[in-house]
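# Secondary and tertiary structure notes
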Amino acid sequence: MTDPEVSRAAAATPTWMTAFRRAGQALTFRRIGAVYVLVLISIGFSFWAPDTFPTYATVKQVLDGNAVIALAALALIIPLSTGVFDISSVYTMSLSGVLTAYIVIHTDLPLGVAIAAALGASALVGVVNGIVVVTMRIESLIGTLATGSLIQAFITLVTKDQSLNSAKLVGTFAKLAGGDIGGFNYPVFYALGVALVLWLVLEHAVVGRRLYATGFNKDAARLAGIHTARLQFASLVVSATLAGAAGIVLASSIGAGSPTAGSPYLLSSFAAVFLGATQFKEGRFNAWGTLLAVTVLGVGTTGLGLAGAAPWTGSMFTGVVLITALAVTGVQRRSGVAARRWRLVGRRSTASVDPPQDGSRDRSEAALDVGLGLRSDDLLNERA
């Protein structure tokens, strides 16, 4: 058919059929497999523990009990989107919780000052991570692990490995995590708020496209004019600050400044963020996928506990989910990059008839090689 005939055929396609087809694509197991897994394990636990699992109390337990995990996982999204790990985030959580508790107990400063100091210290950790990973070019997995070890040593030195407890931690400080809205504790809404902000930044802001481009192909993004080093540095600062906020909420929920409070969240937070990367965006770290993954993990571990399973089964469940998520994320990223490169070949073929004379063609090709399917003019016209 000629071009006008194609246009008329496309126009003749009913709108409801187009909407139905798009809805079907959005509901495939490949895109929202965790939703189907969540439904299946919920049904399974309802039969396994019919007296305790299918109740409102279980819903509240899952959401309230996993809100801090959600905050810890959301803190990892930005650096992972740029291609760097932040293993020190859980140690930063411990640091901010201990520092806040220490200031509240040993000084008469307002709670707001204590929180600001803790967040400032957390941001400083992010700066140190940026220097280690970006400036010194040390592998992020090793560099942030080393930073985390130094943080833990500092916490132990100050606290003598003892939790900070005091009656001063009861009251306003405890209400940071202990208050509720509609029966659900504040941290649930903190997590939803952070997820909303991350979604807006990553999906609807120029910086979000630059972050994803840096993570998928740093060299091509740099050729397209994106300041990749600057973005990675900033991502580590943001990650540490968000982890610090999560640590303050955690300290409020347990009513103490524990020197090891954040450590148990390392595996679960990474499992959630990698499982979340397999949902909705197929290989891209995203906020709503992470919250869905936290819910799946929470339902699994809570269900095992209510069903009377052995204590070690919860850790095994999380570990299996993490391995599966890593494998699926890798496959999705490789297949996505391959498909987009095939499209790139087609674009180059059609564009070769009248190539631009201002040198933008080479940069456009580099931008397309990022592998995100981003339009080259988006990257070229919105350079940092």
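Rules used throughout
The numbers attached to residues start from 1 for each chain and follow its sequence in the written order. With the structure being a predicted model, the display of local features is reserved for residues of pLDDT at least 70 and the display and counting of side-chain atom pairs for 80 or more, all residues being used for whole-chain, interface and lining totals. Think of the side-chain values as coming from all heavy atoms in the structure, minus any hydrogens and water. Each helix is a run of H or I in the DSSP string that is no shorter than four residues. Each strand is a run of E no shorter than two, and both are numbered from the N terminus. Each residue's exposure class comes from its accessible area (1.4 Å probe, protein chains only) as a fraction of the maximum for that residue type: buried when under 20%, exposed when over 50%, partly exposed otherwise. By definition in these notes, contact holds between two residues if any of their heavy atoms fall within 4.5 Å. Accessible surface is estimated by sampling points in the Shrake-Rupley manner with a 1.4 Å probe; for residues, cover comes only from the protein chains shown. Here, axes are lines fitted to C-alpha atoms. For helices the fit covers the stretch in contact, and angles between N-to-C directions go from 0 to 180 degrees. Orientation labels follow simple angle bins: below 35 degrees gives roughly parallel, above 145 gives roughly antiparallel, 65 to 115 gives roughly perpendicular, and whatever is left gives oblique. The residue classification treats Ala, Val, Leu, Ile, Met, Phe, Trp, Tyr, Cys and Pro as nonpolar and Asp, Glu, Lys and Arg as charged. All others, Gly included, are polar. Definition used for salt bridges: Asp or Glu carboxyl oxygen within 4 Å of a side-chain nitrogen of Lys or Arg. Looking at any residue, its pLDDT shows the predictor's confidence there, from 0 to 100. The set of buried Ala, Val, Leu, Ile, Met, Phe, Trp, Tyr and Cys residues whose side-chain atoms join them within 4.5 Å is what this entry labels a nonpolar core. Left-handed describes a crossing whose near helix is turned anticlockwise from the far helix by less than a right angle; the clockwise case is right-handed. Centres within 6.5 Å make a pair out of two Phe, Tyr or Trp rings, where for Trp the six-membered ring is used; the pair is then stacked when the planes are under 30 degrees apart, edge-to-face when over 60, and tilted otherwise. Sitting over a ring, as applied to charges here, requires NZ of Lys or CZ of Arg to be within 6 Å of the ring centre and within 35 degrees of the ring normal.

What follows concerns the overall build of the protein chain. A count of helical and extended segments in the protein chain gives 17 helices and 2 strands. Taking all 384 residues of the protein chain together, the buried fraction comes to 44%. Here the contacts in the protein chain between residues at least 6 apart in sequence split such that 75% fall between residues at least 24 apart. Surface accessibility of the protein chain: about 18600 Å² in total, with carbon and sulfur atoms responsible for 66%.

Tracing the backbone shows Ala 256 in the loop between helix 12 (228-254) and helix 13 (265-276). Through-space distance from the C-alpha of Ala 256 to that of Asn 165 is 5.1 Å; in sequence the pair is 91 residues apart. Apart from the residues within four sequence positions on either side, Ala 256 is in contact with Leu 164, Asn 165, Leu 169 and Ala 251.

This part is about the packing of helix 9 (residues 186-204) against helix 10 (residues 206-216). Angle between the axes and distance between the axes are the two parameters that describe a pair of packed helices. Across the interface, helix 9 lies against helix 10 with an axial gap of 5 Å and an inter-helix angle of 75°. The orientation of helix 9 relative to helix 10 falls into the category roughly perpendicular. Contacts between helix 9 and helix 10 involve Val 201, Leu 202, Glu 203 and His 204 on the former and, on the latter, Val 206, Val 207, Gly 208, Arg 209, Leu 211 and Tyr 212. Looking at side-chain class alone, the contact of helix 9 with helix 10 contains 6 nonpolar, 2 polar and 2 charged residues.

With that settled, the discussion passes to the pattern of salt bridges. Two side chains bearing opposite charge may form a pair once their charged atoms approach each other closely. In the structure shown here, the tally under the stated rule is 3 salt bridges. In this structure, Asp 64 engages Lys 60 in a salt bridge whose closest nitrogen and oxygen atoms are separated by 2.7 Å. Of this pair, Asp 64 and Lys 60 both sit in helix 4 (residues 56-81), 4 residues apart, which is roughly one turn of that helix. On the accessibility criterion, Asp 64 (17% relative accessible area) is buried. For Lys 60, a relative accessible area of 27% translates into the label partly exposed. Asp 219 is the partner of Arg 222 in a salt bridge, and the nearest nitrogen-oxygen pair spans 2.7 Å. Pair noted here: Arg 222 and Asp 219 are both in helix 11 (residues 218-223), with a separation of 3 residues, about one helical turn. Judged by relative accessible area, Asp 219 falls into the partly exposed class, the value being 46%.

Below, the discussion takes up the confidence of the model for the protein chain. Mean pLDDT over the protein chain stands at 83; residues scoring 70 or higher make up 78%. Note on residues 357-384: pLDDT under 50 across the span, and 60 contacts to partners over four residues away in sequence or across chains.

Right, let's get into unusual backbone geometry. Most peptide bonds adopt trans geometry, and most residues besides glycine take a negative phi value. Even without a glycine there, the phi angle at Lys 160 is positive, about 55°. Tracing the chain through its elements places Lys 160 in the loop between helix 7 (140-159) and helix 8 (172-178).

Let us look at the nonpolar core. Nonpolar side chains in soluble globular proteins generally cluster together in the buried interior. Judged by nonpolar contacts, the single largest core of 65 residues is most densely connected at Leu 74, Ile 77, Met 93 and Phe 274. Sorting elements by how many residues they give to this core places helix 4 first, with 12 residues. Discounting residues that sit within four places of it in the chain, Ile 77 has contacts with Leu 198, Leu 202, Val 273, Phe 285, Asn 286, Ala 287 and Thr 290. Ile 41, Ala 49, Phe 53 and Leu 292 belong to the second-largest nonpolar core, a separate cluster that totals 11 residues.

What follows deals with the packing of helix 6 (residues 111-135) against helix 12. Their axes nearest at 7 Å, the elements helix 6 and helix 12 cross at an angle of 145°. Handedness of the crossing formed by helix 6 with helix 12: right-handed. Within the contact of helix 6 with helix 12, the residues separate by chemical class into 16 nonpolar, 8 polar and no charged.

For the rest of this paragraph, the subject is the packing of aromatic side chains. Applying the stated criterion to the full structure yields 9 aromatic pairs. Ring geometry for Tyr 186 and Tyr 190: centres 6.3 Å apart, planes at 45°, overall tilted. Note that Tyr 186 and Tyr 190 are positioned in helix 9 at a spacing of 4 residues, about one turn of the helix. For Tyr 186, a relative accessible area of 29% corresponds to the partly exposed category. Both rings, one in Phe 270 and one in Phe 274, keep their centres 6.5 Å apart while their planes meet at 25°; by these two values the pair is stacked. Taken as a pair, Phe 270 and Phe 274 lie in helix 13 at a separation of 4 residues, close to a single helical turn. Phe 270 sits in the buried class, given a relative accessible area of 8%. A cation sits over an aromatic face here: Arg 284 above Tyr 212, 4.8 Å from the ring centre.

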